[in-house]
Amino acid sequence: MEVKIEASWKALLQDEFNKPYFQELTAFVRQEYGSKRVFPPPKDIFRAFDLCPFDQVKVVILGQDPYHGPGQAHGLCFSVNQDIPMPPSLVNIYKEIQDDLGGEMPTHGNLEHWAEQGVFLLNATLTVIAGMAGSHQKKGWETFTDEVIRLISEKKEHVVFMLWGAYAQDKAWMIDEKKHLILKAPHPSPLSAHRGFFGCRHFSRASDYLKEHNLSEIEWI
């Protein structure tokens, strides 16, 4: 079936798009957008893929599902549109970057500049009903995004996977740790950031690993 997504991802995932589960998922998502308020806007469902082509992926950060407040979600995990207040988890991510690498706290929460440098900001579920966290889980998105993670692990080398919180860490079994760097920490949410997200130094560790493998570092701030 025809899916509007960046060309390198389209070539890699075409078999997946043709599977019955994905066609059922597409029909479900279309129906939801037609009858409910669903985020992100349809054009942004695959924005993480569009801004970070497969061959440019250097870092993968995994989220669970999109923000469910008005105007927040735009297809990148942890990121919000520029004119939207920063969510607490993202504030904590910025605090950790500041403590780890220095620099000034950004004034907005739009992480497109990360994606354009090779940070793949993937939510396990790519759509959500307004005001209902987790409302599109177990409809097929996780099957799709698990395959995306598996393909990155299989077909690339020297990718940094940042797995924050138990949900993301449950995906570690799909990643070949002989070829990639897996970094684990508690979730940056205010409920858990003090249990080890603060001080994890994932951003400097990612920079060191990329440098070690002759890959350009990410400018995080």
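As the structure is a computational prediction, the values presented were derived from the model and not from experiment.

**Student:** Sorry, what's going on with the overall build of the chain here?
**Tutor:** In terms of helices and strands, the chain carries eight helices and six strands. Each helix (α) and strand (β) of the chain, taken in turn from the N terminus, gives the series α-α-β-α-β-α-α-β-β-α-β-α-β-α. Computed over C-alpha atoms, the radius of gyration of the chain comes to 17 Å, within 12% of the 17 Å expected from 2.2 N^0.38 for 221 residues, which places it in the range of a compact globule. Each principal axis of the C-alpha atoms in the chain carries an extent, and together these give about 45 × 35 × 25 Å. Per-residue burial over the chain gives 55% buried out of 221 residues. Long-range pairs, those at least 24 residues apart, make up 66% of the contacts in the chain between residues at least 6 apart in sequence. Of note, the chain has its 23 positive side-chain charges centred 4 Å away from the centre of its 29 negative side-chain charges.

**Student:** Explain the packing of helix α2 (residues 20-35) against helix α6 (residues 141-155) here, please?
**Tutor:** It is the contact of α2 with α6, at a shortest axis distance of 9 Å, that shows an interaxial angle of 125°. Taken as axis vectors, α2 and α6 run oblique relative to one another. The handedness of the crossing between α2 and α6 comes out as left-handed. In this structure, α2 contributes Tyr21, Phe22, Leu25 and Val29 to the contact, and α6 contributes Trp141, Thr143 and Phe144. Across the contact of α2 with α6, the residue classes tally to six nonpolar, one polar and no charged.

**Student:** Even after reading the chapter, I still don't get the pattern of salt bridges, so can you show me in this structure?
**Tutor:** When the charged atoms of two side chains lie near each other, side chains of opposite charge can form a pair. Tallied over the full model, the rule gives ten salt bridges. Linking Lys43 and Asp44 is a salt bridge whose minimum nitrogen-to-oxygen distance equals 3.3 Å. By relative accessible area, which is 7% here, Asp44 ends up buried. Here Asp100 makes a salt bridge to Arg201, at a shortest N to O gap of 3.3 Å. Of this pair, Asp100 sits in helix α4 (residues 88-101) while Arg201 is found in the loop between β6 (181-185) and α8 (202-212), placing the two residues 101 residues apart along the sequence. Among the residues examined, Asp100 registers a relative accessible area of 9% and is labelled buried.

**Student:** For this particular structure, what's the right way to read the pairing of strand β5 (residues 160-164)?
**Tutor:** On a regular strand, one side chain projects to one face of the sheet and the next to the other, so that they alternate. Of all five residues in β5, five are buried; the element is thus mostly enclosed. Of the two faces of β5, the one holding Val160, Met162 and Trp164 and the one holding Phe161 and Leu163 are both buried throughout. Here strand β2 (residues 59-63) pairs with β5 via three bridges, running parallel. If you follow Val59 over to β5, its bridge partner there is Val160. Examined bridge by bridge, β5 and β6 share five bridges and lie parallel to one another.

**Student:** Would you take a moment to explain α6 for this structure?
**Tutor:** For an α-helix, 3.6 residues make a turn, and residues three or four places apart therefore share a direction. The end-to-end C-alpha distance of α6, which contains 15 residues, comes to 21 Å, matching closely the 21 Å that a straight helix rising 1.5 Å per residue would cover. Burial in α6 covers these residues: Trp141, Glu142, Phe144, Thr145, Glu147, Val148, Ile149, Leu151, Ile152 and Ser153.

**Student:** Please explain the sheet that holds β2 as it appears in this structure.
**Tutor:** Pairing between the strands of a sheet comes from backbone hydrogen bonds, and it takes one of two forms, parallel or antiparallel. The sheet built from four strands is open, its strands ordered β3-β2-β5-β6 with parallel pairing. At either margin of the open sheet sits one strand with a lone partner, and together these are β3 (119-123) and β6. Between one strand axis and the next, the sheet turns through 20° on average, direction left out of account. This element, α6, spans β2, β3 and β5 of the sheet and lies at about 155° to β3.

What counts, and where the lines are drawn
- Residues numbered from 1 in each chain as written.
- Predicted model: local features only at pLDDT ≥ 70, side-chain atom pairs only at ≥ 80, totals over all residues.
- Heavy atoms only, no water.
- Helix = DSSP H or I, 4+ residues; strand = E, 2+ residues; numbered from the N terminus.
- Rg over C-alpha atoms; globule rule 2.2 N^0.38 Å.
- Buried < 20%, exposed > 50% of the residue type's maximum accessible area, 1.4 Å probe, protein only.
- Contact = heavy atoms within 4.5 Å.
- Lys, Arg positive; Asp, Glu negative; His and termini not counted.
- Charge placed at Lys NZ, Arg CZ, Asp CG, Glu CD.
- Axes fitted to C-alpha atoms, helices over the stretch in contact; angles between N-to-C directions.
- Parallel < 35°, antiparallel > 145°, perpendicular 65-115°, else oblique.
- Left-handed = near helix turned anticlockwise from the far one by under 90°.
- Nonpolar A, V, L, I, M, F, W, Y, C, P; charged D, E, K, R; others polar.
- Salt bridge = Lys/Arg side-chain N within 4 Å of Asp/Glu carboxyl O.
- Pairing = 2+ DSSP bridges.
- Expected span 1.5 Å × (residues − 1).

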